[in-house]
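# Structural description and commentary
Single-letter residue listing:
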Amino acid sequence: MRSTWLAILALGAAAPALAQEPRQPKWELGVAGFGVSQQAYPGADQQVGRVLVLPFFVYRGELLRADRGSVGLRAVKTPNFEIDIGFAGAFGSSSNDIAARRGMPDLGTLIEFGPRLKWHLGAAPGNGRWSFELPARGVFDLSDGFRNRGFSVEPELKFSRRSASGWVYSSSVGAVIGDRKLGQIFYEVAPAFATAERGAYAAKAGLVAWRLGAAATRPLSTDWRVFGFVRLDSVAGAANRTSPLVRQTTGASAGVGLSWTWMRASEAAAD
C-alpha cells in the first residue's frame, strides 16, 4: 500500500490539469520509475533520496477519482469550483542519518489525507490558467500503524499551461500551516533527547514553511511519458524557526521519472 500511494503521488505531482487538455481515458494501468531527492523536513540541512519502480492505477470517474493527487469522492464540481478528497506524502528517514536528529525518534513516512477546495480563477498569460487550492488534511504515519500526527492547511496559488511542443507544466506558490501536534514531529526536542548542542524545545502551532514549486510532464509516445518536479521550502518567519533542529532557512526537493501505460480504457473520462 505504501509504495503504490507514493507512485501515484509522484505521477500526480507532475500532471497539472488544464481546461484545454485533450479528453483522457476513463482509467489507465501502468508502471512508473522515478527518483526523488527530498529535504528531510523543512529547515533540515540534509536530503532523503529514493529510487523506485512501482505500478500505478488512474481512474477518472464522474464522482470517484484516483488522479492528480485526489482519490475518492469528488463531492462538488462546477465550472469554477471543485471539492474532492486530496492527499500528499513525504518519505520517512532514520534519525541516525540526520545529524541534527541523531539519537531522536525516526521520521516516519507521512500521508496527508482530507478534503480539498479547488477554485478555477480563469485565463492567464500565454494561454494558461490560474487556480487556487485549499487542502485541509489530517497527517498519518504509515510507519507507525497509520497513527495520527496532526493537521495541516496548505493554501496554494497555481499557474498551469500547455506549450505548443506538448509540455504541460505548472508553477505554484503556497504555505503549509500545521497544529502543534504536527510541529512536534519535526521540531520538538523532549528533555530526554536534549544534548549540549541541542537544547530542549517545545514546538508551536502555526506556519511550517513557505513553498515555491514547479512541475512538468510530456508524452514521448502513446504509452510513454516523462515527468518531473522541483520545490523550494523556506522556514523564514515560521512558528518553529528557533528550534535547534532548524539548520537552514531554505531547502530544495526534486524528482524525475518515466511512466509506461500498459492498459487503458477505450471509453473517455467524463471530464
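Quantities reported herein were computed from a predicted structural model and do not represent experimental measurements.

## Remarks on a nonpolar patch on the surface
Taken together, the side chains of Val31, Val53, Leu220, Trp224, Leu258, Trp260, Trp262 and Met263 define a hydrophobic patch exposed on the protein surface, amounting to about 770 Å² of accessible area. If one sorts the elements of the nonpolar patch by residue count, strand 14 (residues 250–264) sits on top with four residues. Structurally, Leu258 can be placed in strand 14. Taking relative accessible area as the criterion, Leu258 reaches 35% and is therefore assigned partly exposed.

## A word on the environment of Leu134
Within the secondary structure, Leu134 sits in strand 8 (residues 128–141). Exposure remark for Leu134: the relative accessible area of 32% places this residue in the partly exposed category. Placed 23 residues apart in sequence, Leu134 and Leu157 show a C-alpha to C-alpha distance of 9.0 Å. Among all residues touching Leu134, those that are not within four sequence positions of it are Pro115, Arg116, Leu117, Val153, Glu154 and Pro155.

## A few points about the pattern of salt bridges
Inspection of the entire model under this criterion finds 15 salt bridges. Residue Asp223 pairs with Arg264 through a salt bridge whose shortest N-O separation is 2.8 Å. One end of the pair, Asp223, is in the loop between strand 12 (206–219) and strand 13 (224–234); the other, Arg264, is in strand 14, and 41 residues separate them in sequence. Looking at Asp223, the relative accessible area reads 28%, which means it is partly exposed. Linked by salt bridges that have partners in common, Asp84, Arg116, Glu133, Glu156 and Lys158 make up one network.

## Regarding the nonpolar core
Ranked by size, the top nonpolar core spans 31 residues in total, and within it Tyr41, Phe186 and Tyr187 carry the most contacts. Of all elements in the fold, only strand 1 (27–39), strand 2 (47–60), strand 11 (168–178), helix 2 (180–187) and strand 12 reach the threshold of two or more residues within this core. Among the elements that take part in this core, helix 2 stands out by supplying four residues, more than any other. Non-local contacts of Tyr187, meaning those with residues more than four positions away in its chain, are made with Tyr41, Pro42, Tyr201, Ala203, Val208, Val235, Asn240, Ser243, Leu245 and Val246.

## Some details on the environment of Ile83
Positionally, Ile83 belongs in strand 6 (residues 81–90). According to the relative accessible area criterion, Ile83 is partly exposed, its value standing at 34%. Beyond its immediate stretch of four places on either side in the chain, Ile83 contacts Leu73, Arg74, Ala75, Val76, Arg116 and Leu117.

The rules behind each value
- Residues numbered from 1 in each chain as written.
- Predicted model: local features only at pLDDT ≥ 70, side-chain atom pairs only at ≥ 80, totals over all residues.
- Heavy atoms only, no water.
- Patch = residues over 30% accessible without salt bridge, like charges linked within 9 Å, V, L, I, M, F, W, Y side chains within 5 Å.
- Areas by Shrake-Rupley, 256 points an atom, 1.4 Å probe, with all protein chains shown as cover.
- Salt bridge = Lys/Arg side-chain N within 4 Å of Asp/Glu carboxyl O.
- Helix = DSSP H or I, 4+ residues; strand = E, 2+ residues; numbered from the N terminus.
- Buried < 20%, exposed > 50% of the residue type's maximum accessible area, 1.4 Å probe, protein only.
- Contact = heavy atoms within 4.5 Å.
- Core = buried A, V, L, I, M, F, W, Y, C linked by side-chain atoms within 4.5 Å.

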